[in-house]
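Report on the structure
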Amino acid sequence: MTLIDIPYIYIALLTFWGLILIVLALDILISFIRNKHLLYSLISGLVLVVEAFFYFGVTPIISGNNENILELFKDMPYIVYLVINIVSTIIIIIMFVLLYMWDKNNLSAFSLQQAYDKSDEGILYFDDNGLCLLINKKMHEIGWLILGEQISNGFDFYNKVNNKTITLNDGRIFKFVSYESIIKDINTIFSKEKNRHVYQLIGYDVTELEKKNEELRVDNKRLEIQNKALKEYNQNMQHIIHDNEILSAKIQIHDEMNSLILKTSYLIDNDNETERINILNKWKSNIILLLKEASEENDDIEIINDLETLGKAFGIKVTINNLELIKNEKISKLFIQTSKECLINVAKHSNAKELKINVTKENDNFILEFINSNNKNKKEIIFGGGLKEIQRQVEELHGKISVNNEDNFIVKVEVSDAI
């Protein structure tokens, strides 16, 4: 049975089958030509020619124009056309398998593009004219989300995103960086070699990094609040410790007072000179402690006028220079507290008869100097008790305190007026 004798529907199916084979053979032929594989290119080309010949030869039968049919197809059994399609199909399948294996094991012209398409970063290469030389799928996707259209000019997109961190509509965050390089470009027509600037633009997905940075900022803020609370707690603890020390001292003083009253009553009828001196010294020490506690509990600025009176009680002359410079209430309170502490220390630890207090101001800084010129104590000074509390108060005002124990005993306090 010839082709003309079979129903048109069968001829149409064979022709459609042949058309598909032509398209597949053409695709394989182009792929092998790009990969420069001569043998497979020839085989694919041969299949393409044979299928095209039979396709265009059989087409007039479908249209019913049998007069234009070649003599070859008028008497050709339909089974021949069927066998040719089957053989071509088998060859094309084999060619596809060979092409797949070759692409899998060899570098091709598309290998670089395929590798970049698998990258999680957006990658774009373009030249001085903005011509996109290579762009991967991720950068295509980013370009659509940012521009609303395909990236057509590399420079335009570069100027819009370079060195920026951009949040896309879907919530992802990309940071864009660029690099510039010079490559050798060969003009095959004139066989000339010239330099060509190529720009690389990379978009890094920093969504997770930004989330971690935000979490870190929140944690730092929380730690800052906790540190502030801890600092306040430590300051309160210092006050509590100081108050407990005062309370313990008061209890001790009151206990000793009861004992001293009894012993003093005893000395009225007793002439023991040694015991009398010992008891008088204890009375003197307790009076000093009582004066110290009373001065600490009263923070009124008017106590400044009582420093000389307090000094007279200890037999110490108090000389104050330039006190009128102090206008800041916090510095005034610090001055009073330090003056009393130094006065009591002079009375307890030396035989000095004078305490000099100098107030100077340099720019916005106050310098308070408390000088004992009759210093006999050359030992290392360790801050404790009252001086430790003074140091804490000075540090609260962002100032500093120092002690010089060489020629004179000098307590020096520096604090800014801008507090």
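Scroll up a little and you will see the structure.
No experiment lies behind these values; they were computed from the predicted model shown.

Further remarks concern the packing of aromatic side chains. Following the criterion strictly, the structure yields ten aromatic pairs and no others. Aromatic pair Tyr116 and Tyr125: ring centres 6.0 Å apart, planes at 55 degrees, arrangement tilted. One aromatic cluster is present, built from ring pairs that chain together Phe126, Phe155, Tyr158 and Tyr199.

For the structure shown, the criterion picks out ten salt bridges. For Arg222, the salt bridge identified is with Asp219, shortest N-O distance 2.7 Å. Residue Arg222 and its partner Asp219 are both found in helix α8 (residues 207-268); the two are separated by three residues, about one turn of the helix. When its relative accessible area of 42% is taken as the criterion, Arg222 is described as partly exposed. As a salt-bridge pair, Glu329 and Lys333 come within 3.5 Å of each other at their nearest N and O atoms.

Another point: the sheet that holds strand β10 (residues 409-416). Reading across from one edge, β6-β7-β8-β10-β9 is the order of the five strands in this open sheet, with mixed pairing throughout. Lying at the two open borders of the sheet, with one neighbouring strand each, are β6 (317-321) and β9 (400-405). Geometrically, the sheet is characterised by an average inter-axis angle of 15 degrees between neighbouring strands, direction not taken into account. The sheet contact formed by β9 and β10 spans six bridges and is antiparallel. For Lys400, the partnering residue across the bridge sits in β10 and is Glu414.

Formed by 29 residues in total, the largest nonpolar core has its most connected members in Ile326, Phe335, Leu343, Leu355, Leu368 and Phe370. Listed by contribution, the elements that provide at least two residues to this core are α10 (307-314), α11 (329-349), β7 (354-362), β8 (365-372), α12 (386-396) and β10. Dropping the residues within four chain positions of it, Leu343 is found in contact with Leu307, Leu310, Gly311, Phe314, Ile316, Val318 and Leu355. Leu124, Ile146, Ile151 and Tyr199 belong to the second largest nonpolar core, which has 16 residues in total.

Given a rise of 1.5 Å per residue, 28 residues ought to cover 40 Å, and the 41 Å separating the end C-alpha atoms of helix α4 (residues 78-105) matches this to within 8%. The complete set of buried residues in α4 reads Tyr81, Ile84, Asn85, Ser88, Ile92, Met95, Leu99 and Trp102.

The rules we used
- Residues numbered from 1 in each chain as written.
- Predicted model: local features only at pLDDT ≥ 70, side-chain atom pairs only at ≥ 80, totals over all residues.
- Heavy atoms only, no water.
- Phe/Tyr/Trp six-rings, centres within 6.5 Å; stacked < 30°, edge-to-face > 60°.
- Salt bridge = Lys/Arg side-chain N within 4 Å of Asp/Glu carboxyl O.
- Helix = DSSP H or I, 4+ residues; strand = E, 2+ residues; numbered from the N terminus.
- Buried < 20%, exposed > 50% of the residue type's maximum accessible area, 1.4 Å probe, protein only.
- Pairing = 2+ DSSP bridges.
- Axes fitted to C-alpha atoms, helices over the stretch in contact; angles between N-to-C directions.
- Core = buried A, V, L, I, M, F, W, Y, C linked by side-chain atoms within 4.5 Å.
- Contact = heavy atoms within 4.5 Å.
- Expected span 1.5 Å × (residues − 1).

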